[in-house]
Amino acid sequence: MADRTALITGGTGGLGGAVTAAFVAAGWRAVVPVRKDPPEGGSAEYLTADLTDPAAVESVVSAAVSDPAAPLRAVVNLVGGYAPGGLVHETPIEDFERMLSLNLRPTYLVTQAALPHLIEAGGGAVVCVSSRAAVSPFPGAAGYVTSKAAVLAFANAVAVEYKAKGVRCNTVLPSVIDTPANRAAQPDADPSRWVRPEEIATVIRFLAGEESAPTSGAAIPVYGRA
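Counting starts from 1 at the beginning of each chain's written sequence and moves along it residue by residue. Owing to the predicted nature of the model, reporting of local features is limited to residues with pLDDT of at least 70; listing and counting of side-chain atom pairs is limited to 80 or more, with chain, interface and lining totals taken over all residues. By convention in this description, side-chain values take in all heavy atoms of the structure and omit both hydrogens and water.

Asker: Pulling in residues and values, what's your account of the packing of helix 4 (residues 105-120) against helix 5 (residues 142-162)?
Answerer: Direction vectors running N to C along helix 4 and helix 5 enclose 20°, while the axes themselves pass 12 Å from each other. With respect to their mutual orientation, helix 4 and helix 5 come out roughly parallel. Read as a crossing pair, helix 4 and helix 5 show a hand that is right-handed. Only Phe-154, Val-158 and Tyr-162 of helix 5 make contact with helix 4, whose side of the interface consists of Thr-107, Tyr-108, Thr-111, Leu-115 and Ile-119. In this classification, Asp, Glu, Lys and Arg are treated as charged, Ala, Val, Leu, Ile, Met, Phe, Trp, Tyr, Cys and Pro as nonpolar, and every other residue, Gly included, as polar. Of the residues contributing to the contact of helix 4 with helix 5, the split by class is six nonpolar, two polar and no charged. Only C-alpha atoms enter the line fits that serve as axes; for helices the fit covers just the stretch in contact. Angles between N-to-C directions range over 0 to 180 degrees. Secondary structure elements are taken from DSSP: a helix is a run of H or I of four residues or more, a strand is a run of E of two residues or more, and numbering for both begins at the N terminus. Between 65 and 115 degrees an angle is taken as roughly perpendicular, under 35 as roughly parallel, over 145 as roughly antiparallel, and anywhere else as oblique. Note on convention: near helix rotated counterclockwise from far helix by under a right angle means a left-handed crossing. Clockwise means right-handed. The contact criterion used is simple: two residues touch if any of their non-hydrogen atoms lie within 4.5 Å.

Asker: Now, about the pairing of strand 6 (residues 167-174): what can you tell me, with residues and values included?
Answerer: Buried residues are those whose accessible area, probed at 1.4 Å on protein chains only, stays under 20% of the maximum for their type, while exposed residues exceed 50% and partly exposed ones sit between those limits. For strand 6, a buried count of eight out of eight residues is recorded, marking the element as mostly surrounded by other parts of the structure. With six bridges connecting them, strand 5 (residues 124-129) and strand 6 associate as parallel partners. Paired with Ala-125 across the bridge in strand 6 is Arg-168. In the classification by handedness, the crossover that spans strand 5, the intervening helix 5 and the parallel strand 6 is right-handed. Strands were regarded as paired on the criterion that DSSP finds at least two bridges between them. With four bridges joining them, strand 6 and strand 7 (residues 219-222) adopt parallel strand pairing. By the bridge assignment for strand 7, Pro-174 is matched with Val-222. By the criterion used throughout, a crossover qualifies as right-handed when its path from the first strand across the helix to the second strand runs clockwise, the strands pointing away from the viewer.

As structure tokens, this is what we get:
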């Protein structure tokens, strides 16, 4: 029986499936909210929720802390996305704000709701996913770049605010992830240079576990050879 729980948002996506599998293989109870069509079967616990809605987030966190034998010890914020755009003067404010809502709002709401429970359990870890673009931007994606930089800044704020309460917060910064969607979007690229989801999952699982206990406030590059 699992003796600890990880709440993994976006846990069925191109990266999320590998992350969920890594936690389950390591003996964690994995609670995975999805926006619609939760998978049937499997070793994780899936539930439907809109993670931009505070009430829905509270319900998800309640489910994650419902097993007294497996207290919530890790939150992994994977929900996010990318949409191409124009230069800043060509980008409507609605498109810019949509990236903030997609990449920052769920991370904020889930972390906010989970923190009291992590503290109550005696401490734990939060892992957020930013992007290399947050520290090395590329043109035509100001909303995406800004939102991922905001995720990084938010994670650093959590690390500082909750250090004394035993809660750590770290961030991984992937380059291009080798997923079917990215291969389809970039058919002329060399995916052998990209980072595989399983490689990132190993890093995330490490940051959530006791092996990384001295580490908080770190921004970990996971670039592969890209």
